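Structural description and commentary
Read off the chains here:
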Amino acid sequence: MSKAFEPYQLGGRLLANRLVMAPMTRSRAYGPGQSPTSLMADYYAQRASAGLIVTEGVQPSRVGQGYPDTPGIHTAEQIAAWRTVTDAVHARGGVIYLQIMHTGRVGHPALMGLQPVGPSAIRATGQVYTHEGPQDFVTPHELTDAEIRATIDDFATAARNAVEAGFDGVELHGANGYLISQFLAPNSNQRNDAWGGSPERRIRFAVETAKAVAEAIGADKVGFRMSPGNPFNDIDESDATDLETTYTALVDALASLNLAYLHQLEVDGVRDLTLRLRKTWPGTYILNPASGGQPTGPTELELVENDTADLLAYGALFLANPDLPARLAQGGPFNTPDPSTFYGGDGKGFTDYPTLEEARA
């Protein structure tokens with residue numbers, strides 16, 4: 001049997017296998033105050049055979065929202081609604097972490113009635129989708145030192161709320177050009193204070209946030225996601241020397257916190273850096289590998305076999321195949337993801353993808 005299908009100890013939980021459902025925005029939090037719905041509980045419970053589920057990005061505060069109908073974890077109403085999700089997953093033997101995602105400068109007033117915030121008052125190039133249609137990004141408010149510390153507190157509070165809602169842990173979204181990533185990148189962080197100006201200072205927000213969250217709920221319940229070199233959301237990390245210096249310093253600093261795991265969303269062309277970071281990380285390493293623009297599939301299982309990663313994260317293929325571990329174990333067949341139903345809508349393209357048993361019935 002492939003090592004990918006063997007149990008794995010993560011923190012205090014024994015995972016059924018080494019396959020991870022990657023966090024994927026689905027924009028279906030139609031409950032009161034952007035709370036999860038019973039349909040979302042069904043969606044996650046259907047995929048409970050994953051060794052670990054990481055939820056879609058969840059905003060820790062109103063100003064952290066960046067897309068329509070994404071859920072929060074900052075009100076009592078939201079906490080109670082998330083409990084129905086965690087109960088449903090646990091009832092099927094699953095393990096689920098909540099991803100805390102503050103979108104920073106790539107939010108929009110049309111979404112949350114507030115000016116987005118960022119490390120520097122630099123507008124990202126591009127557009128964000130709103131209920132009124134695509135709109136250009138706006139110039140964010142540059143966070144003051146006091147506001148940075150308050151934002152870190154928001155992350156810690158969100159983590160405590162997640163534990164109250166029944167989650168087994170949280171993942172900090174430090175990838176894809178969102179707030180933590182914006183602090184890491186030299187084009188979006190042009191500060192000259194203790195929070196920017198050099199790689200060592202640009203990593204400070206990420207490290208201080210991880211430290212605060214670990215102190216709030218325990219380091220063994222905290223993961224961190226990063227995406228070195230990812231240009232998404234107008235991030236420029238094209239300087240190879242700065243990229244390696246920044247992420248080596250980040251990984252070294254996070255390693256001292258004894259977190260549950262490090263999760264890398266890999267982009268094309270950085271495998272050498274991936275291997276170096278993997279080698280220096282002392283704990284569990286999750287990889288969402290670059291796969292040439294195609295969904296990660298059976299071929300990538302070898303990355304667990306050869307110890308490139310401890311756990312392997314699947315995105316679109318898990319979206320379309322609720323019983324993905326069983327399908328991977330037998331080499332398919334696989335349902336094809338339908339991109340037209342990725343964001344928003346009802347159960348179509350969300351909870352209606354058939355399992356192998358249902359397809360055979």
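In what follows, the structure referred to is the one given above.
Residues numbered from 1 in each chain as written. Predicted model: local features only at pLDDT ≥ 70, side-chain atom pairs only at ≥ 80, totals over all residues. Heavy atoms only, no water.

So, about the packing of aromatic side chains. Tallied over the entire structure, the rule returns eight aromatic pairs. When the centroid spacing of 5.4 Å and the interplanar angle of 65° are considered together, the rings of Trp82 and Phe167 count as edge-to-face. Of this pair, Trp82 sits in helix 2 (residues 76–91) while Phe167 sits in the loop between helix 4 (145–164) and strand 10 (169–174), and the two are 85 residues apart along the sequence. Judged on exposure class, the residue Trp82 and its partner Phe167 are both buried. Here the aromatic rings of Phe342 and Tyr343 are separated by 6.2 Å at their centres, their planes lie at 90°, and the arrangement is edge-to-face. Taking relative accessible area as the criterion, Phe342 reaches 18% and is therefore assigned buried. Three or more aromatic residues joined by ring pairs form one cluster here, namely Tyr43, Tyr44 and Phe350. Just above the ring of Trp195 sits the side chain of Arg204; from NZ or CZ to the centre is 3.9 Å. (Phe/Tyr/Trp six-rings, centres within 6.5 Å; stacked < 30°, edge-to-face > 60°. Helix = DSSP H or I, 4+ residues; strand = E, 2+ residues; numbered from the N terminus. Buried < 20%, exposed > 50% of the residue type's maximum accessible area, 1.4 Å probe, protein only. Lys NZ or Arg CZ within 6 Å of the ring centre and 35° of its normal.)

Read around the closed barrel, eight strands run 3-4-5-10-11-12-13-14, paired in parallel fashion. For this sheet, the mean angle separating the axes of adjacent strands, direction not counted, is 25°. Bridge count between strand 12 (residues 261–265) and strand 13 (residues 284–288): five bridges; the pairing is parallel. Residue pairing across strands places Leu262 opposite Tyr285, the latter belonging to strand 13. Sheet strands in contact with helix 4 are strand 5 (96–100) and strand 10, and its direction is about 155° off that of strand 5. Sheet contacts for helix 8 (residues 240–255): strand 11 (222–226) and strand 12; angle to strand 11, the most-contacted strand, approximately 175°. (Pairing = 2+ DSSP bridges. Axes fitted to C-alpha atoms, helices over the stretch in contact; angles between N-to-C directions. Contact = heavy atoms within 4.5 Å.)

In this section: the side chain of Arg278. Considering the arrangement of structural elements, one finds Arg278 in helix 9 (residues 271–280). With relative accessibility at 14%, the residue Arg278 sits in the buried group. Within polar-contact distance, the side chain of Arg278 engages the side chain of Asp310 at 2.8 Å. Look past the residues within four positions of Arg278 in its chain and what remains in contact with it is Gly283, Tyr285, Asp307, Thr308, Ala309 and Asp310. (Polar contact = N/O pair within 3.5 Å; in protein donor to acceptor, adjacent residues only side chain to side chain.)

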